[in-house]
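# Structural overview for review
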Amino acid sequence: NEPVEVVLRPEDLTLTSVEAGKLKVKVDTQLFRGVHYEIICYDEAGNEWMIHSTHKAVPGKEYGLNFEPEDIHVMRFNESEEDFDARLESYED
């Protein structure tokens, strides 16, 4: 019963055909970062998605966006990554 943030890491997101994706996104920009492309997309609700991929995308083109359920991280609002990791480790005890 508290605010949360739902987080997916950019390297866990993949672009696919629109039909095969969980969401439909449109590529806005793409920047080569030396090892991967940083691709910025927007979904139909206006949410921004950053994707890290070794494959190029076409700005202006629509794609499907895919990820696995285990890639979804639910964090307390404004929780740091270190606090999140420590909380997860405490559940293992």
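Residues numbered from 1 in each chain as written. Predicted model: local features only at pLDDT ≥ 70, side-chain atom pairs only at ≥ 80, totals over all residues. Heavy atoms only, no water.

## Focus: the nonpolar core
Ranked by internal contacts, the top residues of the largest apolar core, which has 13 residues, are Leu 13, Ile 39, Cys 41 and Trp 49. Of all elements in the fold, only strand S3 (23-32), strand S4 (37-43), strand S5 (48-53) and strand S6 (62-66) reach the threshold of two or more residues within this core. The element best represented in this core is S4, accounting for three residues. Look past the residues within four positions of Leu 13 in its chain and what remains in contact with it is Leu 8, Trp 49, Met 50, Ile 51, His 52, Leu 65, Asn 66 and Phe 67. (Core = buried A, V, L, I, M, F, W, Y, C linked by side-chain atoms within 4.5 Å. Buried < 20%, exposed > 50% of the residue type's maximum accessible area, 1.4 Å probe, protein only. Helix = DSSP H or I, 4+ residues; strand = E, 2+ residues; numbered from the N terminus. Contact = heavy atoms within 4.5 Å.)

## Things to note about the environment of Glu 48
Mapping Glu 48 onto the fold places it in strand S5. With 23 residues separating them in the primary sequence, Glu 48 and Val 25 have C-alpha atoms 9.0 Å apart. In this structure the side chain of Glu 48 is engaged in a polar contact, spanning 2.9 Å, whose partner is the side chain of Tyr 42. (Polar contact = N/O pair within 3.5 Å; in protein donor to acceptor, adjacent residues only side chain to side chain.)

## Regarding the side chain of His 73
Along the chain, His 73 falls in strand S7 (residues 73-76). Taking relative accessible area as the criterion, His 73 reaches 18% and is therefore assigned buried. Setting aside residues no more than four positions away along its own chain, His 73 makes contact with Glu 5, Val 6, Val 7, Arg 9 and Phe 84.

## Thoughts on the environment of Thr 16
Inspection of the secondary structure puts Thr 16 in strand S2 (residues 14-16). Separated by 18 residues in sequence, Thr 16 and Gly 34 place their C-alpha atoms 22 Å apart. Residue contacts for Thr 16: discarding those within four places in its chain leaves Gly 21, Tyr 63, Gly 64, Leu 65 and Asn 66.

## So, unusual backbone geometry
Notably, Asn 78 is not glycine yet its phi reads approximately 65 degrees, a positive angle. Assignment of secondary structure puts Asn 78 in the loop between S7 and helix H1 (81-91).

## Thoughts on the sheet that holds S2
Strand order in this open sheet of five strands is S2-S6-S3-S4-S5, and the pairing throughout is antiparallel. Sheet topology places S2 and S5 at the edges, where each strand pairs with a single neighbour. Averaged over all neighbouring strand pairs, the angle between strand axes comes to 45 degrees, with direction disregarded. Pairing analysis gives four bridges linking S3 to S6, with the strands arranged antiparallel. Bridging from a neighbouring strand, Lys 24 pairs with Gly 64 of S6. (Pairing = 2+ DSSP bridges. Axes fitted to C-alpha atoms, helices over the stretch in contact; angles between N-to-C directions.)

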